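So you can see what is in the structure, the chains are spelled out below.
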Amino acid sequence: LWPIFWLGWLIWSRPPNVPFGKQVLRYLKHAWTVSPDNPKLSLISRIWLTLSFLQVYVSSPLVGLAWLLDELLYGRSLNEIAVKDPFFVISAGRSGSTQITRYLEQDERLAAPNLLQAMFPYLWLWRLVPKTLGRFLTPDKVREMIQTTMPAELWERHEADPFGADTFDGAFLSAHLNRFALNLGPDVAKSDFNMGVAAPHDKYLKEEVFVQFVDRIARKTLLQAGGDKRFYLKGHFLHGVQALHEFYPYANFLTVTREPTSRLQSGINYMRVNPPDPVLGPVPWAWLTESLLYTETSYSKREQDWFTSESGAKRTVIKFVDFVNDLEGTMKKIYIECFDDDEVPAHIPKEHPPRERKNYIVNRSLEKLGVDEAALRDNMKDYIEWCR
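Residues numbered from 1 in each chain as written. Predicted model: local features only at pLDDT ≥ 70, side-chain atom pairs only at ≥ 80, totals over all residues. Heavy atoms only, no water.

1. Side note on the overall build of the protein
Scanning the protein from N- to C-terminus turns up 20 helices and five strands. Expected size for 388 residues packed as a compact globule is a radius of gyration near 21 Å; at 21 Å, the protein falls within 12% of this value. Its C-alpha atoms give the protein principal-axis dimensions of roughly 60 × 55 × 45 Å. In the protein, which comprises 388 residues, the proportion classed as buried is 51%. Contacts in the protein between residues at least 24 apart in sequence constitute 81% of all its contacts with a sequence separation of at least 6. Summing over all exposed atoms, the protein offers an accessible surface of approximately 18,900 Å²; the carbon and sulfur share of this is 55%. (Helix = DSSP H or I, 4+ residues; strand = E, 2+ residues; numbered from the N terminus. Rg over C-alpha atoms; globule rule 2.2 N^0.38 Å. Buried < 20%, exposed > 50% of the residue type's maximum accessible area, 1.4 Å probe, protein only. Contact = heavy atoms within 4.5 Å. Areas by Shrake-Rupley, 256 points an atom, 1.4 Å probe, with all protein chains shown as cover.)

2. Some remarks on a nonpolar patch on the surface
A surface patch of nonpolar side chains, amounting to about 660 Å² of accessible area, comprises Trp-32, Leu-43, Ile-44, Ile-47, Leu-51, Leu-54 and Val-279. Per element, the largest residue contribution to the nonpolar patch is five residues, and it comes from helix α3 (residues 43-58). Inspection of the secondary structure puts Leu-43 in helix α3. With a relative accessible area of 54%, Leu-43 lands in the exposed category. (Patch = residues over 30% accessible without salt bridge, like charges linked within 9 Å, V, L, I, M, F, W, Y side chains within 5 Å. Salt bridge = Lys/Arg side-chain N within 4 Å of Asp/Glu carboxyl O.)

3. Notes on helix α17 (residues 327-339)
If you check α17, its first and last C-alpha atoms are 17 Å apart, about what 13 residues at 1.5 Å a residue would give, namely 18 Å. Within α17, the full set of buried residues consists of Leu-327, Thr-330, Met-331, Ile-334, Tyr-335, Cys-338 and Phe-339. Projected onto a plane normal to the axis of α17, the buried residues spread over an arc of 135° and lie on a single side. Asp-340 lies just past α17 and shows a positive phi near 55°. (Expected span 1.5 Å × (residues − 1). Arc of directions from axis to C-beta.)

4. Quick word on the pairing of strand β1 (residues 87-90)
Because side chains alternate across β1, one face comprises the buried residues Phe-87 and Val-89, and the other comprises Phe-88 and Ile-90, equally buried. Relative to strand β3 (residues 230-235), β1 runs parallel, the two being bridged by four bridges. What sits directly across from Phe-88, in β3, is Leu-233. When β1 meets strand β4 (residues 252-257), the two strands line up parallel, connected through three bridges. (Pairing = 2+ DSSP bridges.)

5. Brief notes about the sheet that holds strand β2 (residues 110-111)
Spatially, the five strands line up as an open sheet ordered β2-β3-β1-β4-β5, and their pairing is parallel. Looking at strand neighbours, the two that pair on one side only are β2 and β5 (314-319), the edges of this open sheet. Here β4 runs beside β5; their pairing, made up of six bridges, is parallel. Pairing of Asn-252 across the sheet is with Lys-314, part of β5. Running at roughly 160° to β3, helix α5 (residues 97-104) makes contact with β1, β2, β3 and β4 of the sheet. Against the sheet, helix α15 (residues 285-308) contacts β1, β4 and β5, and its axis sits at roughly 135° relative to β4. (Axes fitted to C-alpha atoms, helices over the stretch in contact; angles between N-to-C directions.)

6. Quick look at empty space enclosed by the protein
Inspection of every chain in the model, using the stated rule, returns one cavity of 30 Å³ or more. Taken as a whole, the largest cavity encloses approximately 40 Å³ of empty space. Lining of the largest cavity is provided by Pro-113, Asn-114, Leu-115, Ala-118, Asp-166, Thr-167, Phe-168 and Leu-233. For the lining of the largest cavity, a count of residues per class yields five nonpolar, two polar and one charged. (1 Å grid on protein atoms, 1.4 Å probe; cavity = no way out; pocket = protein on both sides within 12 Å on 5 of 7 lines; lining within 4 Å. Points joined across faces, edges and corners; volume = space filled by probe spheres on them. Nonpolar A, V, L, I, M, F, W, Y, C, P; charged D, E, K, R; others polar.)

7. Some points on the packing of helix α1 (residues 2-11) against helix α4 (residues 60-80)
At a minimum axis separation of 9 Å, α1 and α4 run at an interaxial angle of 40°. By the angle between their directions, the pair α1 and α4 is classed as oblique. Along this stretch, α1 crosses α4, giving a crossing that reads as left-handed. Residues Trp-2, Ile-4, Phe-5, Gly-8 and Trp-9 of α1 touch α4, and the partners they reach there are Ser-60, Pro-61, Gly-64, Leu-65 and Leu-68. Grouping the constituent residues of the contact of α1 with α4 by class yields seven nonpolar, three polar and no charged. (Parallel < 35°, antiparallel > 145°, perpendicular 65-115°, else oblique. Left-handed = near helix turned anticlockwise from the far one by under 90°.)

Written as structure tokens, this is what we have:
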């Protein structure tokens, strides 16, 4: 498929869902040079990671041609779509942004790619599946199948719906090798798994290529949805926020600020219970703690800087405590600032449905994780005050 892929690349443009050769070489080098501690990276793990990186690269023509098939079939129609005033919820992990999305995505004025569409961003596939596999697999059956693959420890923290909008970062990272960063130890994860800022070697990918990826998916989503709708996307992609603002000057940006110690504890435990690699197993606790302590601190400071800067962007800041304790008031603020509408749709409840938010199966404290909470609070005192 390589010759056909290269030809399609020349006719249209380089698909943004294909990893760069430089990144593949860099990750292959990481596989044999990184030396994380507690635990060490085993020889078996290094071999498996090497094979995983090569598999992604060898599969490039397949996913690239799947993307280019949309350009062949719908390119002209996609180019005619206008992405007007998109709405981005860009918030740190474990901040409540998924629950906000559950309420917002039901608004008929918005169009958002669901989890499956984000992971498989091919319009031809979105239209083909309902007429083929969709005749035998109902949405409920697909939900059941996916739920059975998710550990109970994860499901209680994140009730993912494959037919609902979800964190877009997973789709973008899955298209590139950054998704393996946590498995290479903290040094790689601190730069490549950082959703707040882009490292120099990832700046082009996390800004320019990311915006290309988002814009094409936006056009596909709007073409599929029909009607005059606003594109909606949710994730943690703060690394691309300025690039998105420059590309979409009239976009709305919303964040949810949450006190960082609670968010960090939740985030480390959440990442630990994600479905593990079949060979590598779950990411070690020590790696997660060191990585996320750095990336979440970096994210918080970048979030405060951008959402308080004089950038001219249309920005809304929601406090997590307000969202939890005053749903009605919080949603009214969102609709006033992001929709210029003081009426909250009837589908949004006055209070959150009951949900168990304690007694998780896996829930290590910051102390047990080895985090100096007092030092963290001191380092983040400006951000904590902003959250309040």
